Amino acid sequence: MADILLSEAEKTFILHGVRDNVRNDGRSCSEFRPIELELGLVENANGSARVRLANTDVLVAVKCEIDNPSSNFPDEGKLDFFVDCSANATPQFEGKGGEQLAVELAALMSRAYQTRESFNLSTLSIIKGMKCWKLCIDVLILECGGSLIDAISMGTKAALADTKIPKVSVIGSDEGSLELELADEADGREEPLDWHHAPCLVTLNKLEDSLLVDASAEEEACCAAALIVGVSPNKKITTTSIPGHGSFLADSKVFTRALNLAVDVGVKLNTALEAAIKKHQTLKPPPRGFLD
Amino acid sequence: MPVDHRRIQGPECSEDYRKPKTLDAALLKKGSRRADGRKCGEQRKIFLKPGVVSQAKGSAYIELDHTKVICSVFDPREKASRNLEQQTVRGEIFCEFKFASFSGVQRRSHQQEADDKEYSLLLKNALEPAVCLHEFPNFQVDVQVLVLQDDGSSLAAAITCAGLALADAAVPMYDLPVGLSKAFSGDTEFFDPTGAEERMCLRGVDGESDHGVFTIGFLPTFNQVSQLFHSGHISSDRFGKMISEVGTLAAEVHKAVQAILLSAVKSSIDSSDNSKLLL
């Protein structure tokens, strides 16, 4: 994440506030900043979403391609994550500067979506062993203001909700040559994905004894350690990771408290996100400028 | 990616004719022995040797039955600083994790793939809290890890191996990091899983809802968890149980690493005494 330089006095100020469960912007330790969500911005993508978490801005687009399934899993499709830290976000991302962060974020997202329970890849299969859908999920980071992975996971889930896969039927299988045909307009061109079990990732930052949810960049600079937890809507944990150079005491009480908080917040986040997506899909807000 | 002209390239779409080994789901019955005869909470026999690479400042080789990992640590060199503003008071560990092309059933690329890069980062996060980074400001220590054969728990083995290699290289450290891994499906848990057990627990068996694989980087002296990496589908109370056991599970490995380090130091003192006699 982008480095912020803080003085000792500023760090102490944040620490004292957190002890009383009050943060710089008036939130409690387990509250998220206001989140804005927009779906269907990118015309050329099968699905897209933009998430704005205070001053973190992330654009996620999903594109579908037809690919050959891997020989180990012939009846499953593929999910490919790519994160691009654009130099727009901070000058440190210029050239190859953001590559390490991008790799870390993409790997974390792949881990979160790895299991069948998070995303069922067999729904992406077209012809077993021969053709399947490959969803290329491309994340573009427009602005970096803390809680990057949280915003990316929300954007991914929303983009998958917005994605419509073209309906494909197989015709003509003489001499092994298969042809795929897109469905007619009348039959219903496209079908949605099953995105409801997708996880949301929550970052918990540890500051003394308190755990901060959705830390701003300044708060992240004060915290000794962080824990990233991927939570699915049914209260299960899909992935965890300790990023950076921090470490936690091997006390089961500490971890249990942290993980219970993460699950609590994660489930609420999932519910709120689903509601927002439903609202967006039914109400169809009026068109706005792209980066309005 | 440019074509590598030094190697004979096979046909583009070739694959190994073998499939990775799968496990019989019947082994999930509680109380039954695992495929290699171990009990569920038993660690594989460890072979550890420091100082195997003569050209490196420090090195170590670990063998966990069929998982073989070698690690080399090189002298601190000046940080390849991308940003002059980033002159910090801390040094850096640069980890490069790589599965050898022949380490698994399917041939891997000779360049780092996505999971190599991910493991490099996870390894770095696991090792950093143990190293006194303030002792070499603006310098970076290179840690190169190569998995020669992968049969499960390769990241955990790499953490232990890299810890020993760093100690062998006399890099100032707070503690010797130890890597542990655990895989489970439903109620059955496998400590130090083999490759087949790992794959089964990542996929999940039909009918069992909870499944996953943990890798933990642990600092035994300070009782700190430096890395808690997990992938799967589980409830949060599993973690509490895992963390409460981690101290006892790591103790055995930690003792082994300490004993090996001690004997390596003793033998180097003895050999230097002998060389004095030759004079």
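Small disclaimer: the values here were computed from a predicted structure and weren't measured. (Residues numbered from 1 in each chain as written. Chains lettered and ligands numbered in written order. Predicted model: local features only at pLDDT ≥ 70, side-chain atom pairs only at ≥ 80, totals over all residues. Heavy atoms only, no water.)

1. Quick look at the overall build of chain B
Put simply, the test is: Helix and strand assignments follow DSSP, with helices taken as H or I runs no shorter than four residues and strands as E runs no shorter than two, numbered in order from the N terminus. Each residue's exposure class comes from its accessible area (1.4 Å probe, protein chains only) as a fraction of the maximum for that residue type: buried when under 20%, exposed when over 50%, partly exposed otherwise. Contact criterion: two residues are considered in contact whenever any of their non-hydrogen atoms come within 4.5 Å of each other. For accessible areas, the Shrake-Rupley method is used with a probe of radius 1.4 Å. Any residue's cover is judged against the shown protein chains and nothing else.
Across its full length, chain B carries four helices and 10 strands. Along chain B, helices (α) and strands (β) appear in the sequence β-β-β-β-β-α-β-α-β-β-α-β-β-α when read from the amino end. Counting the 279 residues in chain B, one finds 50% classified as buried. Here the contacts in chain B between residues at least 6 apart in sequence split such that 67% fall between residues at least 24 apart. Just so you have it, chain B exposes about 14000 Å², and 54% of that area is on carbon and sulfur atoms.

2. Quick look at the interface of chain A and chain B
Here is the rule: The buried area of a pairing is the accessible area, by a 1.4 Å probe, that goes missing from both parts when the two are put together, added over both. By salt bridge we mean one thing: a side-chain nitrogen of Lys or Arg within 4 Å of a carboxyl oxygen of Asp or Glu. Residue polarity is assigned by list, with Asp, Glu, Lys and Arg as charged and Ala, Val, Leu, Ile, Met, Phe, Trp, Tyr, Cys and Pro as nonpolar; anything else, Gly included, falls into the polar class. Being paired, for any two strands, means DSSP has found at least two bridges between them.
Contacts between the two partners involve 40 residues from chain A, matched on the other side by 44 residues from chain B. Counting each side, the surface lost to burial between chain A and chain B is near 3600 Å², with a carbon and sulfur contribution of 49%. A salt bridge links Glu118(B) to Arg111(A), with the shortest nitrogen-to-oxygen separation between them at 2.9 Å. Of all the elements in the fold, those that place two or more residues in the side of chain A that touches chain B are helix 2 (99-112), strand 14 (237-241), strand 15 (248-249) and helix 5 (252-283) of chain A. Grouping the constituent residues of the side of chain A that touches chain B by class yields 12 nonpolar, 19 polar and nine charged. Of the strand pairs in this sheet, strand 14 of chain A and strand 10 (residues 224-234) of chain B are connected by three bridges, and their pairing is antiparallel. Looking at strand 10 of chain B, one finds that Thr240(A) is bridged to His230(B).

3. Describing a nonpolar patch on the surface
As a reminder, the rule being used: Patch membership needs two things, relative accessible area over 30% and no salt bridge, and members are linked within 9 Å if like-charged or within 5 Å if nonpolar (Val, Leu, Ile, Met, Phe, Trp, Tyr).
Taken together, Ile66(A), Met130(A), Val170(A), Leu178(A) and Leu180(A) make up a surface patch of nonpolar side chains, about 360 Å² in accessible area. Given the relative accessible area of 31%, Leu180(A) is considered partly exposed.

4. A word on unusual backbone geometry
Residue and element names in this part refer to chain B. The backbone phi angle of Ser153 is positive, close to 60 degrees, even though this residue is not glycine. Within the element layout of this structure, Ser153 appears in the loop between strand 6 (139-149) and helix 2 (154-168). Here Asp192, not a glycine, exhibits a phi torsion of approximately 55 degrees, which is positive. Along the chain, Asp192 turns up in the loop between strand 8 (188-191) and helix 3 (195-203).

5. Regarding empty space enclosed by the protein
Short version of the rule: Throughout, the protein atoms alone are placed on a 1 Å grid, and a set of points is a cavity if a 1.4 Å probe fits but cannot get out or a pocket if it is open with protein on both sides within 12 Å along at least five of seven lines; lining residues have an atom within 4 Å of a point. Grid points are joined across faces, edges and corners, and a volume is the space filled by probe spheres set on the points.
Within this structure, the stated rule accounts for three cavities of 30 Å³ or more. Of the pockets and cavities examined, the largest cavity occupies roughly 110 Å³. What lines the largest cavity is Val103(A), Glu104(A), Ala107(A), Leu108(A), Ile228(A), Ser241(A), Pro243(A), Glu118(B), Leu121(B), Leu122(B), Asn125(B) and Phe229(B). When its residues are assigned to classes, the lining of the largest cavity shows eight nonpolar, two polar and two charged. The space that makes up the second largest cavity amounts to roughly 90 Å³. Around the second largest cavity sit 14 residues that line it, and Gln43(B), Leu64(B), Ala156(B), Gly179(B) and Asp192(B) are the ones nearest its centre. Those elements that place two or more of their residues in the lining of the second largest cavity are strand 2 (58-64), helix 2 and strand 7 (178-185) of chain B. Residue classes in the lining of the second largest cavity are distributed as eight nonpolar, five polar and one charged.

6. Some remarks on the packing of aromatic side chains
For clarity, the cut-off: Pairing of aromatic rings covers Phe, Tyr and Trp, the last through its six-membered ring, and needs centres within 6.5 Å; plane angles under 30 degrees mean stacked, over 60 mean edge-to-face, and all others mean tilted.
Within this structure, the stated rule accounts for eight aromatic pairs over all chains. Pairing Phe81(A) with Tyr113(A) gives two aromatic rings, centres 5.4 Å apart and planes at 50 degrees, and the pair type is tilted. Placement of Phe81(A) in strand 4 (residues 78-85) and of Tyr113(A) in the loop between helix 2 and strand 5 (125-127) is noted, with a sequence separation of 32 residues between them. Overall, the relative accessible area of 9% leaves Phe81(A) in the buried class. Here Phe97(B) and Tyr119(B) contribute two aromatic rings whose centre-to-centre distance is 5.2 Å and whose plane-to-plane angle is 75 degrees, an arrangement assigned as edge-to-face. With Phe97(B) in strand 5 (residues 92-99) and Tyr119(B) in helix 1 (residues 114-127), this residue pair connects regions lying 22 residues apart in the sequence. Its relative accessible area of 0% is what places Phe97(B) among the buried residues. Chaining the aromatic ring pairs together yields one cluster made of Phe97(B), Phe99(B) and Tyr119(B).

7. Things to note about the side chain of Gln224(B)
To be explicit about the condition: Contacts described as polar in this section are N or O atom pairs within 3.5 Å, which, within protein, must combine one atom able to donate a hydrogen with one able to accept it, while residues neighboring in sequence count only if both atoms come from side chains.
With respect to the helices, strands and loops of the structure, Gln224(B) is situated in strand 10. Reaching out from Gln224(B), the side chain makes a polar contact with the side chain of Ser247(A) at a distance of 2.8 Å.

8. Topic: the environment of Lys131(A)
Residues and elements named next belong to chain A. Within the secondary structure layout, Lys131 lies in strand 6 (residues 131-143). Excluding anything up to four places from it in sequence, Lys131 contacts Ile66, Asp67, Asn68, Pro69, Ser125, Ile126 and Leu180. Among the polar contacts made by the side chain of Lys131, one reaches the side chain of Asn68 at a distance of 3.3 Å.

9. A few points about the packing of helix 2 of chain A against helix 3 (residues 148-162) of chain A
For any two helices packed against each other, one specifies the inter-axial angle together with the distance between the axes. Residues and elements named next belong to chain A. Put simply, the rule reads: Note on geometry: axes are C-alpha line fits, over the in-contact stretch for helices, and angles between N-to-C directions span 0 to 180 degrees. Angle categories are assigned with fixed cut-offs, so that under 35 degrees is roughly parallel, over 145 is roughly antiparallel, 65 to 115 is roughly perpendicular, and the rest are oblique. The crossing is said to be left-handed when, going from far helix to near helix, the turn is anticlockwise and less than a right angle, and right-handed when the turn is clockwise.
One way to put it is that helix 2 packs onto helix 3 with a least axis distance of 11 Å and a crossing angle of 50 degrees. Taken together, helix 2 and helix 3 sit at an angle that is classed as oblique. Here the hand of the crossing between helix 2 and helix 3 comes out right-handed. Contacts between helix 2 and helix 3 involve Leu101, Leu105, Leu108 and Met109 from the former and Leu148, Ile149, Ile152, Ser153 and Thr156 from the latter. Looking at side-chain class alone, the contact of helix 2 with helix 3 contains seven nonpolar, two polar and no charged residues.

10. Quick look at the side chain of Lys157(A)
Residues and elements named next belong to chain A. Inclusion rule: When charges are tallied, Lys and Arg are placed among the positive residues and Asp and Glu among the negative ones, while His and the ends of the chain are skipped.
Looking at the secondary structure, you find Lys157 in helix 3. Buried and without a salt bridge, Lys157 has Glu274 as its closest oppositely charged side chain, separated by 4.3 Å. Residues contacting Lys157, with those up to four places away along its chain left out, are Tyr113, Trp195, His196, Ala198, Cys200, Pro233, Asn270, Leu273 and Glu274.

11. Overview of the confidence of the model for chain A
Here is the rule: As a per-residue measure, pLDDT reflects the predictor's confidence and takes values from 0 up to 100.
Mean pLDDT for chain A: 86, with 92% of residues reaching 70 or above. At the low end of the mean pLDDT range in chain A sits strand 10 (residues 190-192) of chain A, at 74; at the high end sits helix 3 of chain A, at 93.

12. Description of the environment of Asp36(B)
Residues and elements named next belong to chain B. Within the secondary structure layout, Asp36 lies in the segment before strand 1 (46-50). Its relative accessible area of 35% is what places Asp36 among the partly exposed residues. Sequence-wise, Asp36 and Pro220 are 184 residues apart; in three dimensions their C-alpha atoms are separated by 28 Å. The contact partners of Asp36, leaving out residues within four places of it in the chain, are Asp65 and Thr194. For Asp36, the side chain forms a polar contact with the side chain of Arg38, separated by 3.1 Å.

13. Comments concerning the packing of helix 3 of chain A against helix 5 of chain A
Residue and element names in this part refer to chain A. Two elements in contact, helix 3 and helix 5, have axes whose closest approach is 11 Å; the angle formed by their N-to-C orientations is 40 degrees. Both helix 3 and helix 5 take part in a crossing whose hand is right-handed. Contacts between helix 3 and helix 5 involve Met154, Lys157, Ala158 and Ala161 from the first element and Leu269, Asn270, Leu273, Glu274, Ile277 and Gln281 from the second. Grouping the amino acids of the contact of helix 3 with helix 5 by side-chain chemistry returns six nonpolar, two polar and two charged.

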